Amino acid sequence: MTRHVHAIQCIGCPVGCGGEVVIEAGAVIEMRGFTCDKGQAYAADEVVAPKRMVTTTVRVDGGTLPLLPVVSERPVPKDAIFDCIRLLRSVVVQAPVEADAIIVADALGLGVNFRAACSIAEA
Amino acid sequence: MREFRYDVIAIGGGPAGMAAALSAKQAGAEKVLIIERDRELGGILQQCIHNGFGLRRFEDELTGPGYAHRYINMVKASDIDVWLDSTVLSAAPGGIVTSVSPQQGLRVATGSSVVYSMGCRERTRGAIRIPGSRPAGVFTAGAAQRMVNMEGYLPGKEVVIVGSGDIGLIMARRMTLEGAKVKAVFEIMPYSNGLTRNIVQCLEDFGIPLYLAHSVVAVHGKDRVTGVTVAEVDAALTPIPGTEFDVACDCVLLSVGLIPENELGRAAGLHIDAVTGGGVVDQFRETSLAGYFAAGNVLHVHDLVDWVSQEAEIAGKSAALHALGKLPPAGEHRPVTAGDGVRTVVPQRLSPPSGQLSVRFYLRASRPMGASILRLHADGNVVWERKLRVVKPSEMIVAEISWKKLGSSDVLEFTVVPAPVEADSEPAEEEVA
Ligand code: SF4
């Protein structure tokens, strides 16, 4: 069975641990260098199915500001990032918006909601 | 003109000002005021729509506006006064803070204590002297961030980023997501100035090349920028002849460092640390001006807002105690200096302890190193040390050291030296949160 060693740089927090993940038959069999659980989960994911949080803005109608920052509830698969951005570019919300309000539910059927990162008052 | 009296006034309503005001309140200050020049609180966080804020402070991964929002809600739930749209013109001895706003005109507020929390601003093209013509299309990364994230404009379609500071890296990703082509990031130093996580998730994820030890030697274009010439630099940061190449672009973003916004302090004769660009403070974050405290990026540029909030809590609490007459008058100071391998240390001096068990130091290394040892020397003797797995100038080191270790020596000095090999499997020691 072929083993692959992947060098991974954790982005889980600013400590920035670097480490290695050893893969055999598509499964993680060994890992070193990541100093917390979150980092180990990230590193395993990064080799098998990389994911990222997505943040962008959507247009606001009638608000004190023209744009509302939005954020994915959870990381989305890396190769779906641009599709998420495209989807959100077409969204216009009506002010007022409350922080944490769901702006797009189950984006692209990925099972991830996009939420308002802050509130925007009516102009 | 009306006059106003406060126990504590925070100048600037970003993360530092809000955290300072809240902790002043908690420490017993009755009347607390935040003066903010923008029309809302939150400062620069409002345009930092990416996530990664608050991992330490809230144990949650928030966006900039999300982090600001939590603090804004806490301020709203308190009886802290907030003056928005108000620019402070001067902050004079005796805590006399003069501000002006379009709606309220001139207002003078007097604080028993004042916290400087004005944040920082970006180094501009002038400050780093890029040669060439002066076409349109050259922006600081932060100005571009405001355009894209708050106003909804894309400042260019083909982008070159000069400097690898975090805002530049974040904007490389942001512009890419918005449909621009980011051609490259050029960093004059042989190492990056941004957080490693940002190199990975903002550049590597999108295949954007980072050229280290490269400098822009010319900017081209008459009305609009059309390109730049780049060259490799030697160890003395001088361009190496023959290594030049051209990159076409219609937009250049500068991410070449941040400078504390200290005009108010300077005008009042504040004693400034030449390296940090912020005031010289003791462990209470009290500056050389009696009753004036400082916190956040106006004191020294942070890479994590979490540390800003934490530091501001120290300043806010001290400011409250000072207002209540409970902070011991500044006596003899002991200097804390940056020795070999250390570029900056805050606080730069210690006043006699007052009910504290320990002091938290924020340091920056002067160069990148692998496994290292951070040491504190008291009058030449090592009194404390800690292993560091890796050292980067871009990542602040936080060290909490007990007064027992700090003792009563005359001079304290921090150093960072390479650790003897074999130490690499040692996990990084966690800071005391
Ligand atoms: S492994 Fe843990 S501590 Fe290290 S960078 Fe990742 S999240 Fe941070």
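What counts and how
Residues numbered from 1 in each chain as written. Chains lettered and ligands numbered in written order. Predicted model: local features only at pLDDT ≥ 70, side-chain atom pairs only at ≥ 80, totals over all residues. Heavy atoms only, no water. Axes fitted to C-alpha atoms, helices over the stretch in contact; angles between N-to-C directions. Helix = DSSP H or I, 4+ residues; strand = E, 2+ residues; numbered from the N terminus. Left-handed = near helix turned anticlockwise from the far one by under 90°. Contact = heavy atoms within 4.5 Å. Nonpolar A, V, L, I, M, F, W, Y, C, P; charged D, E, K, R; others polar. Near = heavy atom within 4 Å. Pairing = 2+ DSSP bridges. Domains from an automatic or database assignment. Buried area = accessible area lost by both parts, 1.4 Å probe. Salt bridge = Lys/Arg side-chain N within 4 Å of Asp/Glu carboxyl O. Phe/Tyr/Trp six-rings, centres within 6.5 Å; stacked < 30°, edge-to-face > 60°. Lys NZ or Arg CZ within 6 Å of the ring centre and 35° of its normal. Expected span 1.5 Å × (residues − 1). Buried < 20%, exposed > 50% of the residue type's maximum accessible area, 1.4 Å probe, protein only. Polar contact = N/O pair within 3.5 Å; in protein donor to acceptor, adjacent residues only side chain to side chain. Parallel < 35°, antiparallel > 145°, perpendicular 65-115°, else oblique. Disulfide = S-S within 2.5 Å. Core = buried A, V, L, I, M, F, W, Y, C linked by side-chain atoms within 4.5 Å.

Draft legend 1. Region of the structure containing the packing of helix α1 (residues 15-26) of chain B against helix α2 (residues 64-77) of chain B. All names here are of chain B. The N-to-C vectors of α1 and α2 enclose an angle of 35°; their axes lie 10 Å apart at closest approach. As for the relative orientation of α1 and α2, their crossing is left-handed in sense. Of the residues in α2, those in contact with M18, A19 and L22 of α1 are A68, Y71, I72, M74 and V75. Of the residues that constitute the contact of α1 with α2, the class distribution is eight nonpolar, no polar and no charged.

Draft legend 2. Quick peek at the site of the ligand. Residues in contact with the ligand, as listed here, are C10, G12, C13, G16, C17, F34, T35, C36 and G39 of chain A. Looking at the shell around the ligand residue by residue, the classes come out as five nonpolar, four polar and no charged.

Draft legend 3. Focus on the sheet that holds strand β6 (residues 67-72) of chain A. All names here are of chain A. An order of β8-β5-β6-β10-β9 is seen for the five strands of this open sheet, with the pairing classed as mixed. The two strands at the open ends of the sheet, each matched to only one other strand, are β8 (92-94) and β9 (102-104). Neighbouring strand axes in the sheet, compared pairwise and without regard to direction, differ in orientation by 45° on average. Bridging between β6 and strand β10 (residues 114-116) involves three bridges; their strand directions are antiparallel. Paired with V70 across the two strands is A116, which belongs to β10.

Draft legend 4. Expanded view of the domain arrangement of chain B. Residue and element names in this part refer to chain B. One can read the domain layout of chain B as domain 1 (2-121 + 259-327), domain 2 (124-256) and domain 3 (332-433). Computed from C-alpha coordinates alone, the two centres of domain 1 and domain 3 are separated by 26 Å. Across the boundary between the two partners, domain 1 contributes 21 residues, which contact 25 residues of domain 3. Overall, the association of domain 1 and domain 3 removes approximately 1900 Å² of surface from exposure, summing both partners, and the carbon and sulfur fraction of that is 51%. A per-residue breakdown of the area domain 1 buries against domain 3 is headed by Q283, D303 and W307, which together make up 28% of the total. At the junction of domain 1 with domain 3, the criterion picks out one salt bridge.

Draft legend 5. Representation of the packing of aromatic side chains. Residues and elements named next belong to chain B. Evaluation of the coordinates by the stated rule reveals twelve aromatic pairs over all chains. Through successive ring pairs, a cluster of aromatic residues spans F4, Y6 and W83. For the cation-ring pair, K31 lies above Y6, with the distance from its terminal atom to the ring centre recorded as 4.6 Å. Lying over the aromatic face of W83, R107 brings its terminal NZ or CZ to 4.0 Å of the ring centre.

Draft legend 6. Representation of helix α8 (residues 305-323) of chain B. For α8 of chain B, built from 19 residues, the straight-helix expectation of 27 Å at 1.5 Å per residue is met to within 8% by its first-to-last C-alpha distance of 26 Å. Phi turns positive, to about 75°, at G325 of chain B, one or two residues after α8 of chain B.

Draft legend 7. Fine view of the side chain of R360 of chain B. All names here are of chain B. By secondary structure assignment, the location of R360 is in strand β23 (residues 358-365). Exposure remark for R360: the relative accessible area of 16% places this residue in the buried category. At a separation of 2.8 Å, a polar atom in the side chain of R360 contacts the side chain of E400.

Draft legend 8. A look at the interface of chain A and chain B. Each partner contributes residues to the interface: chain A has 32 residues there, and chain B has 34 residues. Both sides of the chain A and chain B interface together cover about 2700 Å² of buried area, and 58% of this is carbon and sulfur. In terms of surface lost to chain B, no three residues of chain A exceed I11, P14 and T55 of chain A, which account for 21% of the buried area on that side. Seen at the junction of chain A and chain B, the total is four salt bridges. A salt bridge links K38 of chain A to E61 of chain B, with the nearest nitrogen and oxygen atoms 3.7 Å apart. Mapped by element, the contributors of at least two residues to the side of chain A that touches chain B are β5 (55-61), β6 and α2 (81-89) of chain A. Grouping the constituent residues of the side of chain A that touches chain B by class yields 17 nonpolar, ten polar and five charged.

Draft legend 9. How the structure looks around the pairing of strand β21 (residues 342-346) of chain B. Residues and elements named next belong to chain B. Burial within β21 is extensive, with four of its five residues counted as buried. Inspection of the sheet shows β21 paired to β23 by four bridges, in the antiparallel sense. Within the sheet, the bridge partner assigned to V346 lies in β23 and is Y362.

Draft legend 10. Quick peek at the side chain of H214 of chain B. Residue and element names in this part refer to chain B. Note on placement: H214 falls in strand β14 (residues 214-220). Residue classification places H214 among the buried positions, given a relative accessible area of 12%. A distance of 2.8 Å separates a polar atom in the side chain of H214 from the backbone oxygen of L212. In contact with H214, other than residues within four places in its own chain, are F186, E187, I188, V230, A231, E232, V233 and F245.

Draft legend 11. Quick look at the domain arrangement of chain A. Looking at chain A, the domain boundaries give domain 1 (3-49) and domain 2 (55-116). In this structure, domain 1 of chain A and domain 2 of chain A have C-alpha centres spaced 29 Å apart.

Draft legend 12. The arrangement of the packing of helix α5 (residues 166-177) of chain B against helix α6 (residues 196-203) of chain B in detail. Residues and elements named next belong to chain B. Contact pair α5 / α6: the axes reach a minimum separation of 8 Å and the direction vectors enclose 20°. By the criterion of interaxial angle, the relationship of α5 to α6 is roughly parallel. In terms of crossing hand, the pair formed by α5 and α6 is left-handed. Contact residues: α5 offers D166, L169, I170, A172 and R173, while α6 offers N198, I199, Q201, C202 and L203. Its residues assigned to classes, the contact of α5 with α6 shows six nonpolar, two polar and two charged.

Draft legend 13. Local environment of the state of the cysteines. Counting across every chain of the model gives zero disulfides over all chains. Cysteine C84 of chain A shares no disulfide, and the gap to the nearest cysteine sulfur, in C202 of chain B, comes to 17 Å. Residue C84 of chain A is classed as buried on the basis of its relative accessible area, which comes to 1%. Residue C249 of chain B stays outside any disulfide, its sulfur separated by 7.4 Å from that of C251 of chain B, the closest cysteine. Judged by its relative accessible area of 4%, C249 of chain B is buried.

Draft legend 14. Fine view of the nonpolar core. Membership of the largest hydrophobic core comes to 35 residues, with the highest contact counts inside it found for I34 and Y67 of chain B. Looking at this core, the elements with two or more residues in it are β1 (3-11), α1, β2 (32-35), α2 and α8 of chain B. No other element matches the seven residues that α1 of chain B contributes to this core. The contacts of Y67 of chain B, once residues within four sequence positions are left out, are L45, F53, G54, R57, F58, L62, V305, D306 and S309 of chain B. Core analysis: the second largest hydrophobic core is formed by 24 residues, V76, L88, V93 and A95 of chain A among them.

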